[in-house]
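Each chain, letter by letter, is given below.
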Amino acid sequence: MIESGPSPRIACSEAFRGIEKASHTMTFDDLLYKLWDDYATLNPQARAIHNLLQARGERIVNDHIALRTYDDPRVSIDRLARAFEKVGYTRQEEYDFEQKKLFARHFEHDDPNQPKVFISELQLAKCSDALRAKVAALLDQLPGDQMQRDDAPVAGRSWDLSFADYEALAAESEYAGWVAAFGFRANHFTVFVNALTTFESLQALNTCLKQNGYALNDSGGEVKGSPDVFLEQSSTLADQVEVKFSDGTHVIPACYYEFARRYPLPSGELFQGFVAKSADKIFESTDRR
Ligand code: NI
């Protein structure tokens, strides 16, 4: 495998290999490495696309990493964010997704070359009593100190879940089903398209991905957003992976890879936020089909 450049502080390169530490206290690089390794192992398409771009000579920069959770105080955005705040992130904008009953916040690192972190949470009070009861039953199984640990954002799933409960959750909220099945880990990494040198546009990258056999999420069009809102995004459809449930193994959608091109604001600075209308459609990349 090709190592991508001298700076492990940028992006999710394979240069991280070998620096993983099993300690409770994590550095920024440890946390980023664990998130990437977990994500790329669970989702073979992410590593394959990463390698495809590297083979063209690209050096991949991460625009952002996204995580999903429920708004229960034990696991909420504020709870998950602590591990990132400890290594230099601060909270920025917030976003509402009324129809999907989601709230989100993004976080930026002191070093602007580091990926942004986007964390969303399902607003349980807006969901049915049945969904709330099922989610509470999962969270009641959390090991005592798990969410206090520095690796809480990449702890995975630490509860038993039946396939019937997964399906019941997903029938009401695809998002609720995803978090129940996968727990705490990166939902997606995002290639910063501006840093690519062999594609003139996001559209050109999309064409290359399709030619290589990757299906893109076309809900709301392949490209979400436009230069008018200073952000264009696209994403693959989630990998289908085998997941163990308490009553057997089933194939369900896991994670997708996202691509973002940012445009300068009138001030000349690149827009660093997110566009709720675009993200709303991108959430659907993990829907069951
Ligand atoms: Ni994203």
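A few points on the structure. (Residues numbered from 1 in each chain as written. Predicted model: local features only at pLDDT ≥ 70, side-chain atom pairs only at ≥ 80, totals over all residues. Heavy atoms only, no water.)

Here we look at the pattern of salt bridges
- For the coordinates displayed, the defined rule picks out 16 salt bridges.
- Aspartate 150 is paired through a salt bridge with lysine 86; the nearest N and O atoms lie 2.8 Å apart. A residue pair is termed long-range when its members are at least 10 positions apart, and aspartate 150 in the loop between helix H4 (129-139) and helix H5 (163-172) and lysine 86 in the loop between helix H3 (77-85) and strand S2 (89-97) qualify at 64 residues.
- Classification of aspartate 150 by relative accessible area gives buried; the value is 7%.
- For lysine 86, a relative accessible area of 61% translates into the label exposed.
- Between lysine 134 and aspartate 165 there is a salt bridge, with its nearest N and O atoms 3.1 Å apart. (Salt bridge = Lys/Arg side-chain N within 4 Å of Asp/Glu carboxyl O. Helix = DSSP H or I, 4+ residues; strand = E, 2+ residues; numbered from the N terminus. Buried < 20%, exposed > 50% of the residue type's maximum accessible area, 1.4 Å probe, protein only.)

Details of the packing of H5 against helix H6 (residues 174-182)
- Viewed as axis vectors pointing N to C, H5 and H6 meet at an angle of 150°, and their least axial separation amounts to 5 Å. In contact with Tyr166, Leu169, Ala170 and Glu172 of H5, H6 contributes Glu174, Ala176, Gly177, Trp178, Ala180 and Ala181.
- Here the residues of the contact of H5 with H6 are counted per class, giving seven nonpolar, one polar and two charged. (Axes fitted to C-alpha atoms, helices over the stretch in contact; angles between N-to-C directions. Contact = heavy atoms within 4.5 Å. Nonpolar A, V, L, I, M, F, W, Y, C, P; charged D, E, K, R; others polar.)

What about the packing of aromatic side chains?
- In the structure shown here, the tally under the stated rule is 19 aromatic pairs.
- Here tryptophan 36 and tyrosine 257 contribute two aromatic rings whose centre-to-centre distance is 6.3 Å and whose plane-to-plane angle is 45°, an arrangement assigned as tilted. On the criterion of sequence distance, the pair formed by tryptophan 36 in helix H1 (residues 28-42) and tyrosine 257 in strand S10 (residues 256-262) is long-range, its members being 221 residues apart. When sorted by exposure, tryptophan 36 lands in the same class as tyrosine 257, which is buried.
- A ring pair is formed by phenylalanine 163 and phenylalanine 245, whose centres lie 5.2 Å apart and whose planes are at 70°; its orientation type is edge-to-face. Of the two residues, phenylalanine 163 sits in helix H5 while phenylalanine 245 sits in strand S8 (residues 240-245), which places them 82 residues apart along the sequence. Like phenylalanine 163, the residue phenylalanine 245 is buried in the burial classification.
- Seen from the ring of tryptophan 178, arginine 68 lies directly overhead, with NZ or CZ sitting 5.2 Å from the centre.
- Positioned above the aromatic ring of phenylalanine 274, the side-chain terminus of arginine 262 is 5.2 Å from the ring centre. (Phe/Tyr/Trp six-rings, centres within 6.5 Å; stacked < 30°, edge-to-face > 60°. Lys NZ or Arg CZ within 6 Å of the ring centre and 35° of its normal.)

Some details on the coordination of the nickel ion
- Within the protein, the atoms that donate to the nickel ion are His64 (NE2), His188 (NE2), Glu258 (OE) and Glu258 (OE), at distances of 2.0 to 2.5 Å.
- Here the nickel ion is ringed by four donor atoms whose angles at the metal span 53 to 129°, and the overall shape comes out irregular.
- Of note, the nickel ion draws all its donor residues from one chain, in the sequence arrangement H-x123-H-x69-E. Residue histidine 64 is found in strand S1 (residues 62-70), and its partner histidine 188 is found in strand S5 (residues 186-192); the two are separated by 124 residues along the sequence. Accessibility assignment for this pair places histidine 64 and histidine 188 in one class, buried. (Donors = N, O, S within 2.8 Å, 3.2 Å for Na, K, Ca; no water. Tetrahedral: all angles 85-135°; square planar, octahedral: opposite > 155°, others 65-115°.)

Structural notes on the pairing of strand S4 (residues 116-122)
- When you tally the buried positions in S4, you get seven out of seven residues, the bulk of the element.
- Judged from the seven bridges that link them, S1 and S4 form a sheet pairing that is parallel. Across the sheet, the residue bridging to alanine 66 is phenylalanine 118, located in S4.
- Bridge analysis of strand S3 (residues 102-109) against S4 gives six bridges, and the strand direction is antiparallel. Across the sheet, phenylalanine 107 pairs through a bridge with valine 117, a residue of S4.
- The hairpin turn running from S3 into S4, its antiparallel successor, is six residues long. (Pairing = 2+ DSSP bridges.)

Considerations on unusual backbone geometry
- Non-glycine residue lysine 101 carries a positive phi angle of around 60°.
- Relative to the helices and strands, lysine 101 resides in the loop between S2 and S3.
- Residue lysine 101 is classed as partly exposed on the basis of its relative accessible area, which comes to 29%.
- Even without being a glycine, phenylalanine 230 presents a positive backbone phi close to 70°.
- Residue placement: phenylalanine 230 occurs in the loop between strand S6 (224-226) and strand S7 (231-235).
- Residue classification places phenylalanine 230 among the partly exposed positions, given a relative accessible area of 24%.

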